[in-house]
Amino acid sequence: MNALARRLRARPPSVGPVRLVAVDGHAGSGKTTFSGRLSAALGDAPVLHLDDLATHEELFEWTGRLREWILAPFACGEPARYRVYDWVARRFTDERVLEPAPVVLVEGVGAGRRELRPHLACLLWMELTHEGSWERGQLRDGPGLTDFWDGWKRAEREHFTTDPTRPYAELLVLERPEGYELLPGPRKTD
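Residues numbered from 1 in each chain as written. Predicted model: local features only at pLDDT ≥ 70, side-chain atom pairs only at ≥ 80, totals over all residues. Heavy atoms only, no water.

Asker: I tried to follow helix α2 (residues 31–41) on my own but got confused; where do I start?
Answerer: Because each turn of an α-helix spans 3.6 residues, side chains separated by three or four positions end up pointing in the same direction. Those residues of α2 not exposed but buried are Lys31, Phe34, Ser35, Leu38, Ser39 and Ala41. One side of α2 holds all its buried residues, which, seen down the axis, span an arc of 155°. One or two positions beyond α2, positive phi appears at glycine 43, with a value near 80°. (Buried < 20%, exposed > 50% of the residue type's maximum accessible area, 1.4 Å probe, protein only. Helix = DSSP H or I, 4+ residues; strand = E, 2+ residues; numbered from the N terminus. Arc of directions from axis to C-beta.)

Following this line, the structure appears as structure tokens:
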């Protein structure tokens, strides 16, 4: 993890003074856990969780909010201020501040989407099949969210069919019992 942290710090900034690093993969693939560990290796780099920008009605339609609330301030070297979606209350509630640190991680399904790739210093893909990921996610969330997961699976399939991320990943992240293994990604260009 430390070698990856050094590699990311050595990149040129991708939006204002920030090296924006995306951690993408299927729901349940381990993006949040991996991002937390990478953040620690980077000296507690800020992490933006896309679940904070998505809503029940707009699972993948958060790009405008990310552009306005995060990318625009970062491009000017200013802190980003964004509202957090409360998945229980079903509305945006608290406001958070995200400092334009040297490296900022953005993790979530679709973090490496076409519209964001020009703003990324690096795109990482959690290498776990959608079946394995979804099974882990459903075990994590419990039977009370079965209906949500049924809708989620359809939406995620549609998203990655129209806007795939994995083919553009620079690195594939494999979770192993002894830690993470990084493999070169396909790194296709648009």
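Next comes the rest of the description.
Asker: Looking at this model, I keep getting lost on the layout of surface pockets. Mind explaining?
Answerer: To find leftover empty space, a probe the size of one water molecule is rolled over the atoms. Quantified by volume, the largest pocket comes out at close to 650 Å³. Considering the residues around the largest pocket, the lining is formed by 26 residues, among which Ala27, Asp51, Arg140, Asp141 and Trp149 are closest to the centre. Elements with a minimum of two residues in the lining of the largest pocket: α2, α4 (130–141) and α5 (146–162). For the lining of the largest pocket, the element with the most residues is α4, which contributes 4 residues. A class-by-class count of the residues in the lining of the largest pocket yields 12 nonpolar, 8 polar and 6 charged. (1 Å grid on protein atoms, 1.4 Å probe; cavity = no way out; pocket = protein on both sides within 12 Å on 5 of 7 lines; lining within 4 Å. Points joined across faces, edges and corners; volume = space filled by probe spheres on them. Nonpolar A, V, L, I, M, F, W, Y, C, P; charged D, E, K, R; others polar.)

Asker: Looking at this structure, how should I read the pairing of strand β8 (residues 179–184)?
Answerer: Here is the key point about a regular strand: its side chains alternate between the two faces of the sheet. In the sheet, strand β7 (residues 171–176) pairs with β8 via 6 bridges, with the strands oriented antiparallel. Each residue of the ladder has a partner; that of leucine 171, found in β8, is proline 184. Counting the residues that bridge the hairpin from β7 to β8 gives 2 residues. (Pairing = 2+ DSSP bridges.)

Asker: I'm lost on the sheet that holds β8 in this one. Help?
Answerer: The strands making up a sheet are joined through hydrogen bonds of the backbone, oriented either antiparallel or parallel. With mixed pairing, the 6 strands of this open sheet are ordered in space as β2-β5-β1-β6-β7-β8. A single partner strand is all that each edge strand has here, and the edge strands are β2 (47–49) and β8. Neighbouring strand axes in the sheet, compared pairwise and without regard to direction, differ in orientation by 25° on average. As paired elements, strand β6 (residues 122–126) and β7 share 3 bridges and run parallel to each other. Within β7, the residue paired with tryptophan 125 across the bridge is leucine 172. Along the sheet, helix α1 (residues 2–9) makes contact with β1 (19–24), β5 (103–107), β6, β7 and β8, crossing β1 at roughly 135°. (Axes fitted to C-alpha atoms, helices over the stretch in contact; angles between N-to-C directions. Contact = heavy atoms within 4.5 Å.)

From the geometry alone we can't say anything about function, so treat these as descriptive.
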